[in-house]
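Now for the letters of each chain:
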Amino acid sequence: MTAQELQSIIAAGLPCEHLNVEGDGRHWFATIVSTAFEGLRPIARHQRVYAALGDRMKTDEVHALSMKTLTPAEYQKNPE
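The notes below deal with the structure included here. Please read all numbers here as calculations on a predicted model, not as lab measurements.

## Notes on the overall build of the protein chain
Okay, so step 1: From N to C terminus, the protein chain includes three helices and three strands.
Okay, so step 2: Each helix and strand of the protein chain, ordered N terminal to C terminal, gives the series α-β-β-α-β-α.
Okay, so step 3: Counting only C-alpha atoms and orienting by the principal axes, one finds that the protein chain spans roughly 35 × 20 × 20 Å.
Okay, so step 4: Contacts spanning at least 24 positions in sequence make up 52% of the contacts within the protein chain whose residues lie at least 6 apart.
Okay, so step 5: Summing over all exposed atoms, the protein chain offers an accessible surface of approximately 4,700 Å²; the carbon and sulfur share of this is 49%.
Okay, so step 6: The averaged location of the 10 negative side-chain charges in the protein chain is 8 Å from the averaged location of its 8 positive side-chain charges.

## Some remarks on the nonpolar core
Most often, soluble globular proteins have nonpolar side chains that are buried together.
Okay, so step 1: The biggest cluster of nonpolar side chains holds 16 residues, and the ones touching the most others in it are Leu6, Ile10, Val21, Ile32, Val49, Leu53 and Leu65.
Okay, so step 2: Sorting the residues of this core by element identifies helix H1 (3-13), strand E1 (18-23), strand E2 (27-33), helix H2 (42-53) and strand E3 (64-70) as the ones contributing at least two each.
Okay, so step 3: Discounting chain neighbours no more than four positions away, the residues touching isoleucine 32 are Ile10, Leu14, Cys16, His18, Leu19, Phe37, Val49, Met67, Lys68, Thr69 and Leu70.

## Focus: the pairing of E1
Okay, so step 1: Pairing between E1 and E2: six bridges, direction antiparallel. What sits directly across from histidine 18, in E2, is valine 33.
Okay, so step 2: Count of turn residues in the E1/E2 antiparallel hairpin: three residues, of which glycine 25 carries a positive phi of about 105°.

## Points about the sheet that holds E3
Okay, so step 1: Strand order in the open sheet formed by three strands is E1-E2-E3, and the pairing between neighbours is mixed. Looking at which strands have only one partner, the edges of the open sheet turn out to be E1 and E3. Direction aside, neighbouring strands of the sheet carry axes that sit 10° apart on average.
Okay, so step 2: Sheet strands touched by H1: E1, E2 and E3. Its angle to E1, the strand with the most contacts, is close to 145°.

Thresholds applied
- Residues numbered from 1 in each chain as written.
- Predicted model: local features only at pLDDT ≥ 70, side-chain atom pairs only at ≥ 80, totals over all residues.
- Heavy atoms only, no water.
- Helix = DSSP H or I, 4+ residues; strand = E, 2+ residues; numbered from the N terminus.
- Contact = heavy atoms within 4.5 Å.
- Areas by Shrake-Rupley, 256 points an atom, 1.4 Å probe, with all protein chains shown as cover.
- Lys, Arg positive; Asp, Glu negative; His and termini not counted.
- Charge placed at Lys NZ, Arg CZ, Asp CG, Glu CD.
- Core = buried A, V, L, I, M, F, W, Y, C linked by side-chain atoms within 4.5 Å.
- Buried < 20%, exposed > 50% of the residue type's maximum accessible area, 1.4 Å probe, protein only.
- Pairing = 2+ DSSP bridges.
- Axes fitted to C-alpha atoms, helices over the stretch in contact; angles between N-to-C directions.

This is the structure:
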């Protein structure tokens, strides 16, 4: 899997105002900015991303994914 493929999968399952994915093919880091995160605690935000990935985490297609999940307002205060 490439960073672009992973980015496309996340974007297809979650409305993103900003999305950046970096990694080495097994270990990934994503910065995800979405209005869908408003009012959610961090664990619920991550669960939304995992839902967008479907079974890819379970099948090891995506081995590890670290995330920074922000609302647009949070991102405005502290961009990458």
